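Listed below are the residues making up each chain.
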Amino acid sequence: MKSTLAQLTARFDQALIAAFGPDLAGTDPMLVPTSNPKFGDYQANLAMSLAKPLQENPRAIATQIVAKLDLSDLCEPPEIAGPGFINLRFKTQYLEDQLRAMQADPRLGVAPVAHPQTVIVDFSSPNIAKEMHVGHLRSTIIGDSLARVQEFMGHQVLRLNHVGDWGTQFGMLITHLKDACPEALTPGAAVDIGDLVTFYKQAKQRFDTDDDFKTRSREAVVDLQSGEATATTAWKALCEQSRQAFQTLYDRLDITIQERGESFYNPLLADVVQDLDSLGLLVENQGARVVFADGFTNKDGDPLPLIIQKTDGGYNYATTDLAAIRYRTQQDGAERVLYVVDAGQGNHFAQVFQVAAKAGWIPSNVELTHVPFGVVQGEDGKKFKTRSGETVRLKDLLDEAVSRARIDLETRLQTEQRAETEDFIQDAAEAVGIGSVKYADLSQNRTSNYIFSFDKMLALQGNTAPYMLYAYVRVQGISRKGDIDFAHLPAEARIYLADDTEFALARHLLQLDEVIGEVAQDLYPNRLCQYLFELSQKFNQFYDRCAVLQAAEPQRTSRLLLCDLTAKTLKLGLSLLGIRVLERM
Ligand code: ARG
């Protein structure tokens, strides 16, 4: 099936060449869906932007384009409005045929990209032995969705977990482990160290109060860096313990990610420093070796150094990221790297990218992008915390979402006098609870701070996961009620559009490929959420107004096709957000 936008774009190209010559080939027709159906379906805005280069008034340009524009198989005759907008209205037959083709296409009319790239999504990336907090949850949810979209577009995607598994904090953790859990120091012992967050707190407490412990911790850092056996075993045991805890969460969230932590780059760091030095970029600064990136100053207005090697010879977070850039572009062949990391690290990435560029480590075909997101706040607008002021544990947060979803579900089952099995209830509650947490995050513009509210995310009305899941279930209900097998509707059956609500639904459905393409490019999953929300609304309006099972043929089958296409679109869209649908709920 040919994408509507691609067809329109090609026709505009032909018209432009015919009207103004080959110089204008490839000009963007600037097509956007109209805001008001009164003006048709699409509006082309190119005449305005051509006014200057062509030295003509935009309305005259629009007239010349329209004179050469052949859209008779797709649209009614184009209309010129205002200063030079070209308004297009699809022919009903075209809409009907496109919808039918979309319904029969497993990709729902979304073509994979012509030139697949190798894309790395660097996301989640919690720190070992520290709590994986809500910020990491945002990165995990947004990163997974962006990775899913890139994969769907046909790119080769490497999902990387840049875990913080290295650094001086391991000195105190190793020392505490030696004292508190010596049995973990036998290589391959696989001892359960218990909750690492508590463990971290205990180690920190000792570090802050016990001088002898502090000295031993400093020695442990040196041991670890030099690869001494016991320190290494202790470090591995700590990493393994964290890994298991993280993995439990990833499994529950249905997220695939490959661990490639900071320690992976250790063997490459000395080279990075040496190369920066020989390129003349490295500067001594108060005993440390630093690089100055242009345009970065501290609060006093002095140039802000990016520390590459600390006074004690240790390397920094930035050094590892520089090594990672080299590895990812050279070894992985990455052409696009998305860093899904909180907005607070904006300066870090801007500096690192600039230094990498100065060092010549970013090939011209490679694009590095920091994909920032805002902080999670409680309903009081303050930093998200438990009532007692502790950081919220992710497991508790997901448990609470699921248990609230379960209460809602059980209440509804009672009012509807439905008896369901425990398995059904548990599965549905898990899907709704987890789906709601994900959707609530993804439906916000990621750059804003985000207010976490169980009540809002689980509400049945509004731009929420439950609303979307219900729309899907509603369609499946039609198939059950009418004993319809959507997969086997007659192949020759057509879609006929008549009611206004059918047209509105139809036009919206046909924008799917544009929306997904936009998310793949601009990296804002909330755009897809908004699309799905409007789709559910338009479907509900259609379903409230139009009889489906009670309609006479051929309208009945036509409407069943529309229902099925809506459900498939919801299912695909939600799957790109990492949310699974339920057939009943
Ligand atoms: N571990 C870091 C943190 O918790 C995030 C790492 C992000 N990725 C990167 N390549 N720097 O803040």
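Heads up: these notes are all about the structure in this document. (Residues numbered from 1 in each chain as written. Predicted model: local features only at pLDDT ≥ 70, side-chain atom pairs only at ≥ 80, totals over all residues. Heavy atoms only, no water.)

Inspection of the region around the ligand gives D122, S125, N127, H136, H162, Y317, D321, Y339, V341, Q345 and F349 as its neighbouring residues. In this structure, a nitrogen atom belonging to the ligand sits 2.8 Å away from a side-chain N or O atom of D122. Contact distances for the ligand include 2.8 Å between an oxygen atom and a side-chain N or O atom of Q345. In isolation the ligand offers 350 Å² of accessible surface; the protein chains occlude 90% of this area. Residues belonging to the shell around the ligand are distributed by class as follows: four nonpolar, five polar and two charged. (Near = heavy atom within 4 Å. Polar contact = N/O pair within 3.5 Å; in protein donor to acceptor, adjacent residues only side chain to side chain. Areas by Shrake-Rupley, 256 points an atom, 1.4 Å probe, with all protein chains shown as cover. Nonpolar A, V, L, I, M, F, W, Y, C, P; charged D, E, K, R; others polar.)

Here the bond from E553 into P554 is cis, since omega is 5 degrees, no more than 30 degrees from zero. Of note, the phi angle at D254 is positive, near 55 degrees, even though the residue is not glycine. Along the chain, D254 falls in the loop between α9 (229-253) and β7 (258-259). Of note in the backbone geometry, Q286 takes a positive phi value of approximately 45 degrees without being a glycine. The topology assignment puts Q286 in the loop between β8 (283-285) and β9 (288-297). When its relative accessible area of 77% is taken as the criterion, Q286 is described as exposed. (Helix = DSSP H or I, 4+ residues; strand = E, 2+ residues; numbered from the N terminus. Buried < 20%, exposed > 50% of the residue type's maximum accessible area, 1.4 Å probe, protein only.)

Per the stated rule, a full pass over the model turns up 15 aromatic pairs. When the ring of Y339 is compared with that of F353, the centres are 5.3 Å apart and the planes differ by 50 degrees; the resulting orientation is tilted. Remark: F353 occurs in helix α12 (residues 346-358) and Y339 occurs in strand β11 (residues 336-340); sequence separation between them is 14 residues. Of the residues examined, F353 reaches a relative accessible area of 13% and is grouped as buried. Relative to Y543, the ring of F539 has its centre 5.7 Å away and its plane inclined at 10 degrees; by these criteria the two rings are stacked. (Phe/Tyr/Trp six-rings, centres within 6.5 Å; stacked < 30°, edge-to-face > 60°.)

What follows is about the pattern of salt bridges. A complete count under the given rule lists 40 salt bridges for this structure. Across the salt bridge formed by R260 and D332, the nearest N and O atoms sit 2.8 Å from each other. Taken together, the residues span a long stretch of sequence, with R260 in the loop between β7 and α10 (266-278) and D332 in the loop between α11 (317-330) and β11 at a distance of 72 residues. Of the two residues, R260 and D332, neither departs from the other in class, the shared state being buried. (Salt bridge = Lys/Arg side-chain N within 4 Å of Asp/Glu carboxyl O.)

This part takes up the sheet that holds strand β3 (residues 79-81). Pairing is antiparallel in the open sheet, where four strands are placed in the order β1-β2-β4-β3. Taken across any chain shown, the strands that pair with only one partner, and hence form the sheet edges, are β1 (31-33) and β3. Within this sheet the neighbouring strands show an average axis-to-axis angle of 30 degrees, counted without direction. Two strands pair when backbone bridges link them, and strand β2 (residues 42-44) and strand β4 (residues 85-88) are joined in this way by three bridges, in the antiparallel orientation. By the bridge assignment for β4, A44 is matched with I86. Sheet strands in contact with helix α3 (residues 58-68) are β3 and β4, and its direction is about 170 degrees off that of β3. (Pairing = 2+ DSSP bridges. Axes fitted to C-alpha atoms, helices over the stretch in contact; angles between N-to-C directions. Contact = heavy atoms within 4.5 Å.)

Along its 13 residues, helix α4 (residues 92-104) runs 19 Å from first to last C-alpha, staying within 8% of the 18 Å computed at 1.5 Å per residue. The elements touched by buried residues of α4 are α1 (4-20), α17 (500-509), α18 (512-522) and α20 (555-576). (Expected span 1.5 Å × (residues − 1).)

The next subject is the pairing of β9. Look at any regular strand and the pattern is simple: side chains alternate between the two faces of the sheet. Both β8 and β9 contribute to a ladder of three bridges, which runs antiparallel. Bridge pairing in β9 links N285 to A288. Following β8, the chain reverses through two residues before pairing antiparallel with β9; Q286 in that reversal takes a positive phi of roughly 45 degrees. Pairing of β9 with strand β10 (residues 303-309), which is carried by five bridges, proceeds in the antiparallel orientation. Across the sheet, V291 pairs through a bridge with L306, a residue of β10. Here β9 hands over to β10 after five residues, with G301 in that stretch at a positive phi of 85 degrees.

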